[in-house]
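Secondary and tertiary structure notes
Below, each chain spelled out in residue letters.
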Amino acid sequence: MKKELPYLKSLKEHLARARNVVIVGGGLNGVELAAACSANHQLHITLVEQLPRCLSGVFNDDTCILIEEKLRRKGVAIITGAAAEELEGCHRVEGVRLTGGRTLPADVVVLATGIVPNTLLARQAGLATDENAGILVDEYMQTSATDVFAIGDCAAQKFLASTGGSLTRQAGPAGHEARVAAANLFGLKRAREITVKKISVAIGDLVFGSVGLIKISLAETGTGMPTTALAHDVIAKDLAVKVVYVRETGATLGAEVYGKPLIRVRETMNNLASAIERQTPFAGLALA
Ligand SMILES: Cc1cc2nc3c(=O)[nH]c(=O)nc-3n(C[C@H](O)[C@H](O)[C@H](O)COP(=O)(O)OP(=O)(O)OC[C@H]3O[C@@H](n4cnc5c(N)ncnc54)[C@H](O)[C@@H]3O)c2cc1C
């Protein structure tokens, strides 16, 4: 799935004539597209996700289940645990064959399976790259060649790529990286800030947000057991809020927020992200 206007206009025209739409990939883009398409009641929409849940890389299972329920109530058919294997049809697409052999009828298929940076040019230039993560850069956005910088979706922070850590491919961080690289062009002086990750997805007017680390194991915290607590009463009474913290130390790791309107969810996510950046413990969040 692309974000360029001509592609989106063409997709809109195809959707206006379609009956059966198959969206492959239950990540942020696939889920938001399915929700948006569901406003057209003529469409039969199927969302296919190879993992057991949609959005399982972003939210905890309970929230993923809730999001899937909301989508189903909007008429979206969801198939999880099956991958698209082949597109069928002669002159135009007629179906999507899934692992297991089932074929879904389709007039329009949207692949929303994520992006992998194209590093060909960088590799030809001899820059260090990671096959999946992108062009490797340090905290100054400098590549393995001192006079070449990389920013945005194609760039991968070296320390994150080597540990397999997730890289946020979003417009905000890309803009920050641009400013960091610009500052460093004439001498290294500004490092990229590591900010708390914020991701949101809208299903109609309901917005689900994830802040910081919400899927973390005991081994990964290094300090104690990650624990989840409902916290809307202290953080935002008009929203649903779950906070993940370390039971032994009280350190706040992340949070999930959902409700409406968008501006209220975003405001709460920003407040929680700032509190996590200031290392506010779970017990102190009400005052943050
Ligand atoms: C469908 C979709 C929805 C998204 N929604 C959101 C959102 O809601 N919020 C958010 O924060 N982020 C969103 N993103 C992510 C966001 O768009 C990207 O993280 C951001 O655009 C990255 O900026 P960039 O400059 O690195 O890449 P881009 O904006 O993709 O720009 C790269 C440009 O480089 C050009 N280019 C590539 N190769 C070459 C070459 N060899 N020579 C010359 N030019 C070249 C490309 O044509 C392109 O114009 C979305 C992405 C997609 C695909």
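This one's a predicted model, so the numbers in the text were calculated from it and none came from an experiment.

Glycine aside, residues mostly have negative phi angles, and peptide bonds mostly take the trans form. Cis peptide bonds are those with omega within 30 degrees of zero, and the linkage from Lys 260 to Pro 261 qualifies with 0 degrees. A positive phi angle, near 60 degrees, is found at Leu 55, a position not held by glycine. Tracing the backbone through its elements, the reader meets Leu 55 in the loop between strand 2 (44-49) and helix 3 (61-73). The phi dihedral of Gln 279 falls on the positive side, at around 60 degrees, and the residue is not glycine. Looking at the element boundaries, Gln 279 is found in the segment after helix 9 (262-277).

Right, let's get into the pairing of strand 3 (residues 77-80). Sheet analysis places strand 2 next to strand 3, joined by four bridges and oriented parallel. In the sheet register, Leu 47 faces strand 3, and the bridge partner there is Ile 78. Following the chain from strand 2 across helix 3 to the adjacent parallel strand 3, one finds a crossover that is right-handed.

This next bit is on the packing of aromatic side chains. What characterises a pair of aromatic rings is the spacing of the ring centres plus the angle enclosed by the ring planes. Scanning the model with the defined rule gives two aromatic pairs in all. Measuring from ring centre to ring centre gives 4.9 Å for Phe 208 and Tyr 258, while their planes differ by 20 degrees; the resulting arrangement is stacked. Of the two residues, Phe 208 sits in strand 12 (residues 206-212) while Tyr 258 sits in strand 15 (residues 252-259), which places them 50 residues apart along the sequence. When its relative accessible area of 0% is taken as the criterion, Phe 208 is described as buried.

A few words on the nonpolar core. Counting residues in hydrophobic clusters, the biggest one holds 30 residues, and the most contacted among them are Ile 23, Val 31, Leu 47, Leu 55, Phe 59, Ile 67 and Leu 71. Elements with a contribution of two residues or more to this core: helix 1 (5-17), strand 1 (20-24), helix 2 (28-37), strand 2, helix 3, strand 7 (108-111), strand 11 (198-203) and strand 12. Looking at this core, you find at least three residues from each of domain 1 (5-111) and domain 3 (198-287). Ala 231, Val 243, Ala 273 and Leu 285 belong to the second largest nonpolar core, which has 17 residues in total.

Another aspect to go through is helix 9. With 16 residues, helix 9 should cover 22 Å at 1.5 Å per step; its first-to-last C-alpha distance of 22 Å lies within 8% of that length. What helix 9 keeps buried is the set Val 265, Thr 268, Met 269, Leu 272, Ala 273, Ala 275 and Ile 276. Along the long axis of helix 9, the arc covered by the buried residues comes to 160 degrees, so they all point the same way. Buried-residue contacts for helix 9 involve strand 11, strand 12, helix 8 (232-235), strand 14 (240-246) and strand 15. Of the residues flanking the end of helix 9, it is Gln 279, one or two places downstream, whose phi is positive at about 60 degrees.

One open sheet accounts for five strands, arranged 11-12-15-14-13; its pairing is antiparallel. Pairing within the sheet leaves two strands with one partner each, and these edge strands are strand 11 and strand 13 (226-230). Adjacent strand axes in the sheet meet at a mean angle of 15 degrees, parallel and antiparallel pairs treated alike. As defined by bridge partners, strand 14 adjoins strand 15 across six bridges and the pair is classed as antiparallel. Within the sheet, the bridge partner assigned to Val 243 lies in strand 15 and is Ala 255. Contacting strand 11, strand 12, strand 14 and strand 15, helix 3 crosses the sheet at an angle of about 160 degrees to strand 12.

Turning our attention to the site of the ligand. Lining the immediate environment of the ligand, one finds Met 1, Lys 2, Lys 3, Asn 29, Gly 152, Asp 153, Arg 169, Gln 170, Ala 171 and Ala 174. The separation between an oxygen atom of the ligand and a polar side-chain atom of Lys 3 is 3.0 Å. One of the backbone N or O atoms of Ala 171 is found 2.8 Å from an oxygen atom in the ligand. Its free accessible area being 1000 Å², the ligand has 41% of it covered by the protein chains. Class assignment for the residues of the shell around the ligand results in three nonpolar, three polar and four charged.

Thresholds, definitions, all that
Residues numbered from 1 in each chain as written. Predicted model: local features only at pLDDT ≥ 70, side-chain atom pairs only at ≥ 80, totals over all residues. Heavy atoms only, no water. Helix = DSSP H or I, 4+ residues; strand = E, 2+ residues; numbered from the N terminus. Pairing = 2+ DSSP bridges. Right-handed = clockwise from strand over helix to strand, strands pointing away. Phe/Tyr/Trp six-rings, centres within 6.5 Å; stacked < 30°, edge-to-face > 60°. Buried < 20%, exposed > 50% of the residue type's maximum accessible area, 1.4 Å probe, protein only. Core = buried A, V, L, I, M, F, W, Y, C linked by side-chain atoms within 4.5 Å. Domains from an automatic or database assignment. Expected span 1.5 Å × (residues − 1). Arc of directions from axis to C-beta. Contact = heavy atoms within 4.5 Å. Axes fitted to C-alpha atoms, helices over the stretch in contact; angles between N-to-C directions. Near = heavy atom within 4 Å. Polar contact = N/O pair within 3.5 Å; in protein donor to acceptor, adjacent residues only side chain to side chain. Areas by Shrake-Rupley, 256 points an atom, 1.4 Å probe, with all protein chains shown as cover. Nonpolar A, V, L, I, M, F, W, Y, C, P; charged D, E, K, R; others polar.

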